[in-house]
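Results of the structural survey
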Amino acid sequence: MRKILITLFFLVFGYTANAQFWSAGGHFNGGFAQGKLKDETNGLLIPTISGIFLHEAQTIPIQVGFELGYGIYGSKLEKRTDYYQGFNDELRLRRNNNILTGMAVMRYQTNPLGKIRHFMEAKFGANYLYTRFKIRDSIVSDEVIESGKDHESWTLAYSFGTGIQIPIPSNPGLFLEIKGNYQTGNSLRFLTKGDATYKAEPGGGGKFDYNYRRSPLDLLMFSVGLIHIGI
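Not measured: the values here are computed from a predicted model. (Residues numbered from 1 in each chain as written. Predicted model: local features only at pLDDT ≥ 70, side-chain atom pairs only at ≥ 80, totals over all residues. Heavy atoms only, no water.)

A word on the side chain of His27. Its location among the elements puts His27 in strand β1 (residues 22–33). There is a polar contact of 2.7 Å between the side chain of His27 and the side chain of Glu177. With residues up to four places along the chain from it excluded, the contact list for His27 reads Thr48, Ile49, Ser50, Ile52, Glu67, Glu177, Lys179, Ser223, Val224 and Gly225. (Helix = DSSP H or I, 4+ residues; strand = E, 2+ residues; numbered from the N terminus. Polar contact = N/O pair within 3.5 Å; in protein donor to acceptor, adjacent residues only side chain to side chain. Contact = heavy atoms within 4.5 Å.)

Have a look at this one:
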């Protein structure tokens, strides 16, 4: 699988490195759980922000590029006095569930010269999910007492979708982009908000128990953003 991702990356990069004209933009995305993921997580929502870079062929209405994204799909704060033996001051434990995405993108534009443009989109890449924690003594403290990862995993992913681009009259080349995609891929193990439970021991200290979830990341993705065409 890793060899496939590396090959795709170099194919896309090799194609776009000699390109003369780029398009670039950013999106706010909302991923709504579907299928087994919905059942496993009781309707998980994954919000992300992403940046996209594309090259449009001059002879055919096809764009090729890549998209990178990041999001936090769950955050939990716990205040406790029993994290460490012999230490009973109140401490703040913040745990975030994070997602990183990297996708090779191919688009086919059905009307590249239209006022409102329409495109079909296919993506292939990977999702990396990790849960990270930090312990501080106060909300304003810059000093981290302890930090680390509770869990991390990644999986291949692919998606198909469609979208439109609406021109911004006051800024030639700038378009409002709205699109929808369906994403799926291989199954992976991950944590959601509330899946870590602290079990204190007599005299202070303790350990966390984790309720791991396992499912493909089946998501119905809706995105809105801005893209500048013809950089």
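Moving on, we get to the packing of aromatic side chains. Counted by the stated rule, this structure contains 7 aromatic pairs. Where Tyr83 meets Tyr198, the ring centres are 5.3 Å apart and the plane angle is 70°; that geometry is what we call edge-to-face. Of this pair, Tyr83 sits in the loop between β3 (62–80) and β4 (91–109) while Tyr198 sits in strand β9 (residues 196–200), and the two are 115 residues apart along the sequence. Neither residue differs from the other here; Tyr83 and Tyr198 are each classed as buried. Aromatic side chains Tyr158 and Phe160 sit 6.2 Å apart centroid to centroid with 70° between the ring planes, which places their arrangement in the edge-to-face category. (Phe/Tyr/Trp six-rings, centres within 6.5 Å; stacked < 30°, edge-to-face > 60°. Buried < 20%, exposed > 50% of the residue type's maximum accessible area, 1.4 Å probe, protein only.)

Confidence along the protein averages 89 in pLDDT terms, with 91% of residues attaining 70 or more. A low-confidence stretch, residues 4–19 stays under pLDDT 50, and its non-local contacts, those more than four residues away or across chains, total 18 contacts. (pLDDT = per-residue confidence, 0-100.)

A few words on the sheet that holds β4. In spatial order, the strands read β1-β2-β3-β4-β5-β6-β7-β12; together these 8 strands close into a barrel with antiparallel pairing. Looking at each pair of strands side by side, their axes are set apart by 25° on average, direction ignored. Here strand β5 (residues 117–136) runs beside strand β6 (residues 146–167); their pairing, made up of 19 bridges, is antiparallel. Paired with Phe124 across the two strands is Tyr158, which belongs to β6. (Pairing = 2+ DSSP bridges. Axes fitted to C-alpha atoms, helices over the stretch in contact; angles between N-to-C directions.)

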